[in-house]
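The residues making up each chain are set out below.
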Amino acid sequence: MSKILPSSMKDVHYDNAKFRRRSWFKMIVQAFANSSIKRECVTCSTGKFLVLLMVGGLAFLMLMNTNSIDHVSDRIRKTIAGREEHRLLLNGVGKFGRFWRKPPRLPPRLSPDEILTNNSSTFNPGNLKGDSKWVIRQRSVKHAFIHAWSGYRQYAMGYDELMPLSQRGIDGLGGLGATVVDALDTAMIMGAEEVVSEAGTWIETHLSERINGKGQVNLFETTIRVLGGLLSAYHLSGGEQGMGDMKLKGPKPHVYLEIARNLADRLLSAFTSSPTSVPYSDVILRDRSAHPAPDGLSSTSEVSTLQLEFNYLSAISGDIRYGTEAMKVLEHLKTLPKVEGLVPIYISPHSGQFSGENIRLGSRGDSYYEYLIKVWLQQRTSQNGDVQYLHEMYEEAMKGVRHLLVRKSIPKGLVFVGELPYGPKGAFSSKMDHLVCFLPGTLALGATKGITKKKAMEENLLTFEDMENLKLAEDLAKTCFEMYLVTTTGLAPEIAYFNVDGYSEGGHGGGNGSSEYANDIIIKTLDRHNLLRPETVESLFVLYRITEDSKYREWGWQIFEAFEKYTRVDSGGYSSLDDVTVLPPRKRDKMETFFLGETLKYLYLLFGDENVIPLDKFVFNTEAHPFPIHSAVEKQ
C-alpha cells in the first residue's frame, strides 16, 4: 500500500502529473520577467526596499539549501508586518499582490490508503482510537474484503466459492451459497453496507429454496459456515436486542432466524438417525435424512464442533432440541478413554468408540479441543446444567499437549506441536499443520477467559496452569509466524516439519535463506500450498487482545501485505497458491469461503478497537462467527 506521509508533505511526494510542486526559482524569475511589475516595484521606496530585502532573503535561502517557498514568504511577511503596503499585498491588491499570493492549488490525488481513510466506514467509527496507522491498516483490510466480494459477486454469486482466475463459481459445499453466508457478518462488522444489502437480499430471496431442494451436505461444514453465519447475522442485525444500533441494510433479524431453524431442523437428522450419540457425517437436506461417510467413520473434530451453534439456536428460539442433541455428543465423549486428555482423530457413529490411535491437533482433531473451552465459556452462566466437565477435559488435554506433543526444534529452538500417528507408544512426528496455529489463541482465551492478562493478574485470577498455557501460547504464536517468514513469499505452507534432536525430516526449506529459522523448518514438496487460511491471524488477534502487545499487530500486517502481494487477482477476488517457496507463486484458482469469513475478519479486528466484539462477551465459532456470551439470550 502507499506510504502515508505527514500532511504537509503529501502533495510534495505523491506523484500526480497534473499537480506537481512549482519550483520557487522559476516562479520568482517568471514573475519579474513582467516589466510592469518591475516598474511598479522600483518607482516607490517601499518597492525598492522590498526588492532588496527579497534578493537578500533568496540568497540566504540558497546558501541554507532551503526547499520551500513558503519559508521565504513567511520570513518576508514577518519582516514587513505592520506596514500598510504589506497588508494590501496580502489582500491581493495590485500586481504585486498577485506575485506574493500563492497560485491556486488543486487538491492532490489521494493515495489508495487515504481514499480508504476518507471514504470508508467501520463497525463503530466512534470507538476507533489510537495511532491512525492502525485505522488506515484496518481500512486496507476492508478494501481487500470488498475486492474479494466484488470478484465473487461478479462471477460466482450464489455459488459456494469463486474461482477467480477462471472467473466462475463452483459448488463444493452443497450449493447453499456458502460464501454469501460466510461473508455476511464480516461485512456487518466492517460496516460494508452494500455487501450487507447484497448478501442479505440473496439470503432472503434464495437460501430457503436452496435448503429445501438441495441434496447431500456435510453436517460439520454446513453447521459452522452456513448455520453459524445465519445465527451471527441474526445477532449483529439486532436479534434479541443485539447490535441494533448498527442500523444495517438488509433483512430483519427474524429472517435469518427462520432460515437458520429450517436448516437446523434438517441437520438434526444426523443426530436422530445415528444409533449412538455420535452423529452421522452427511445429511440429505431435501429428504431430512442422514448417513455415515463411505468408510463409516466421522472425524472427532466434526462431531464435537457443532455445540456452539446449536446451543445458541436453542437459546434464541426457545426450542431445546438443538442444544440437547448437540450436547449429547460431548457428554458421551467425556466417558470415553483418552491418552492424558488427548483423543484419536476418528470416531464411529455405529459403536460410539474412537477408531485408530492417530493423535494430532491438525486436521480432524483440531476443533475438538477448541470447543471444549469455548462451549464451557458459552454455557457456564446458562441454566442448561453443569458443564464444568468441559473445563476439566480441556485442562487435562492441555497438560497432555505439553507433555506428549510439544517439542523444540534445532538449532534455534522453535516451540512446536507434533503428532503421534501411532499413539503414545509409537514414534513422534515433527509434523505441524497450519491448522494447529489455532492453538495459541485457544490457550490464551482459556487462560484469561477473554479479559486482558493485565486485568487477570491484577485480580489474581490466573493459576499456575493458566500462566503455563499463556507462555506456550506466545511461544507457539512465534513459531506460526516464523512459518510465514521462512518462505520466499512470506506466506505459510499448509504443513511444516521441524528438525528435532536425533532426527531430521527430508525435504527443503522455505526459500528464504535469511530467515533465522531456515534450518529449523522443513517444507516438503506436496505441502507447499497456501489456502488463505485464518488460523495464525486468529491467534494473533486473540493474543493482541489479551496481552496488548503490539508486535502481534505488526506480524498480522506483514501477513496481510504478503496476501495482497501474491494472492490478489486484479479482476476480483484472491486465490490460494500452489507453492509459497518460489517466485512468482502459481495461483490455484480457488478462493475459500473462510478467507472472507475468517481471515479478513480477524485481520480487521486485530487492527481495530478492542471494544468491538470483546472476547469476554462473545465467543467465536470455529468459522469466526461471533455469538454473545450471556444468559439473557435464553428465552424466558
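Residues numbered from 1 in each chain as written. Predicted model: local features only at pLDDT ≥ 70, side-chain atom pairs only at ≥ 80, totals over all residues. Heavy atoms only, no water.

Overview of the side chain of Asp 579
Thought 1: Its location among the elements puts Asp 579 in the loop between α24 (551–566) and α25 (593–606).
Thought 2: Look at Asp 579 and you get buried, because its relative accessible area is 17%.
Thought 3: Excluding anything up to four places from it in sequence, Asp 579 contacts Arg 528, His 529, Pro 585 and Arg 586. (Helix = DSSP H or I, 4+ residues; strand = E, 2+ residues; numbered from the N terminus. Buried < 20%, exposed > 50% of the residue type's maximum accessible area, 1.4 Å probe, protein only. Contact = heavy atoms within 4.5 Å.)

Re the sheet that holds strand β13 (residues 521–522)
Paired through backbone hydrogen bonds, the strands of a sheet run either parallel or antiparallel to each other.
Thought 1: Spatially, the three strands line up as an open sheet ordered β11-β12-β13, and their pairing is antiparallel. One side of each edge strand has no neighbouring strand; the edge strands of this open sheet are β11 (431–433) and β13.
Thought 2: Where β11 meets strand β12 (residues 495–498), three bridges bridge the pair, whose relative direction is antiparallel. Within the sheet, the bridge partner assigned to Lys 431 lies in β12 and is Tyr 497. (Pairing = 2+ DSSP bridges.)

Observations regarding the UniProt feature "active site" (unreviewed entry) in the protein chain
Thought 1: When the UniProt feature table is mapped to this numbering, "active site" (unreviewed entry) covers Glu 221, Asp 366, Glu 494 and Glu 535.
Thought 2: Structurally, Glu 221 is set in helix α12 (residues 219–236).
Thought 3: We classify Glu 221 as partly exposed; its relative accessible area is 22%.
Thought 4: When near neighbours in sequence (up to four residues on either side) are disregarded, Glu 221 contacts Leu 173 and Val 226. (UniProt positions renumbered as here; feature names shortened; annotations may be inferred.)

Side note on the packing of helix α9 (residues 132–156) against α24
Two quantities define a packed helix pair, namely the angle between the axes and the distance from one axis to the other.
Thought 1: Interhelical geometry of α9 versus α24 gives an angle of 35° and a closest axis separation of 12 Å. Viewed along their axes, α9 and α24 form a crossing whose handedness is left-handed. Residues Lys 133, Trp 134, Arg 137, Ser 140, Val 141 and Ala 144 of α9 form the contact with α24, whose own contacting residues are Arg 553, Glu 554, Trp 557, Phe 560 and Glu 564.
Thought 2: Across the contact of α9 with α24, the residue classes tally to five nonpolar, one polar and five charged. (Axes fitted to C-alpha atoms, helices over the stretch in contact; angles between N-to-C directions. Left-handed = near helix turned anticlockwise from the far one by under 90°. Nonpolar A, V, L, I, M, F, W, Y, C, P; charged D, E, K, R; others polar.)

A short note on the nonpolar core
Thought 1: The biggest cluster of nonpolar side chains holds 163 residues, and the ones touching the most others in it are Ile 203, Leu 207, Phe 310 and Leu 390.
Thought 2: Apart from residues no more than four positions distant in its own chain, Phe 310 is found in contact with Thr 223, Leu 227, Ala 264, Leu 267, Leu 268, Phe 271, Tyr 322, Gly 323 and Ala 326. (Core = buried A, V, L, I, M, F, W, Y, C linked by side-chain atoms within 4.5 Å.)

Some words on the environment of Glu 258
Thought 1: With respect to the element layout, Glu 258 can be found in helix α13 (residues 253–267).
Thought 2: Between the alpha carbons of Glu 258 and Ser 317 there is a distance of 9.3 Å; along the sequence they are 59 residues apart.

As for the packing of helix α18 (residues 366–379) against helix α20 (residues 439–448)
Thought 1: At a minimum axis separation of 10 Å, α18 and α20 run at an interaxial angle of 30°. Judged by the inter-axis angle, α18 sits roughly parallel to α20. Note on packing geometry: the crossing formed by α18 with α20 is left-handed. Residues Tyr 369, Glu 370, Ile 373, Lys 374 and Leu 377 of α18 form the contact with α20, whose own contacting residues are Thr 442, Leu 445 and Gly 446.
Thought 2: Taken together, the residues of the contact of α18 with α20 break down into four nonpolar, two polar and two charged. (Parallel < 35°, antiparallel > 145°, perpendicular 65-115°, else oblique.)

Focus: the UniProt feature "binding site: Ca(2+)" (unreviewed entry) in the protein chain
Thought 1: Listed under "binding site: Ca(2+)" (unreviewed entry) in the UniProt record, and renumbered for this structure, are Thr 622.
Thought 2: Among the structural elements, Thr 622 can be located in the loop between β14 (618–620) and β15 (626–628).
Thought 3: Under the relative-accessibility criterion, Thr 622 is labelled buried at 16%.
Thought 4: A distance of 2.9 Å separates the side chain of Thr 622 from the side chain of Glu 370, its partner in a polar contact. (Polar contact = N/O pair within 3.5 Å; in protein donor to acceptor, adjacent residues only side chain to side chain.)

Observations concerning the packing of aromatic side chains
Thought 1: One pass over the structure, following the stated rule, counts 17 aromatic pairs.
Thought 2: When the centroid spacing of 4.7 Å and the interplanar angle of 5° are considered together, the rings of Phe 481 and Trp 555 count as stacked. Here Trp 555 lies in helix α24 and Phe 481 lies in helix α22 (residues 464–485), a separation of 74 residues in the sequence.
Thought 3: Relative to Phe 595, the ring of Phe 563 lies with its centre 5.8 Å away and its plane at 70°, an arrangement referred to as edge-to-face. Placement of the pair is Phe 563 in helix α24 and Phe 595 in helix α25, with a sequence separation of 32 residues. In this structure, Phe 563 and Phe 595 share a single accessibility class: buried.
Thought 4: Among the aromatic residues, ring-to-ring pairing joins Trp 134, Trp 557, Phe 560 and Phe 607 into one connected group.
Thought 5: One Lys or Arg, Arg 407, reaches over the ring of Phe 428 and ends 4.2 Å from the middle of that ring. (Phe/Tyr/Trp six-rings, centres within 6.5 Å; stacked < 30°, edge-to-face > 60°. Lys NZ or Arg CZ within 6 Å of the ring centre and 35° of its normal.)

What about the sheet that holds strand β8 (residues 354–355)?
Thought 1: Pairing is antiparallel in the open sheet, where three strands are placed in the order β6-β7-β8. Because the sheet does not close on itself, it has two edges, and the strands there are β6 (298–299) and β8.
Thought 2: Both strand β7 (residues 346–347) and β8 contribute to a ladder of two bridges, which runs antiparallel. By the bridge assignment, Tyr 346 is partnered in β8 with Ser 355.

Observations regarding unusual backbone geometry
Thought 1: Looking along the chain, the bond that leaves Ile 410 and enters Pro 411 is cis, with omega of 10°.
Thought 2: One can find Pro 411 in the loop between β9 (406–408) and β10 (415–417).
Thought 3: Cis rather than trans, the peptide bond between Leu 583 and Pro 584 has omega equal to -10°.
Thought 4: Along the polypeptide, Pro 584 turns up in the loop between α24 and α25.
Thought 5: Look at Gln 167: it is not a glycine, yet its phi comes out positive at around 55°.
Thought 6: Within the secondary structure layout, Gln 167 lies in the loop between β1 (161–163) and β2 (168–170).
Thought 7: In this model, Asn 460 sits at a positive phi of 55°, which is unusual for a non-glycine residue.
Thought 8: Here Asn 460 lies in the loop between α21 (453–458) and α22.

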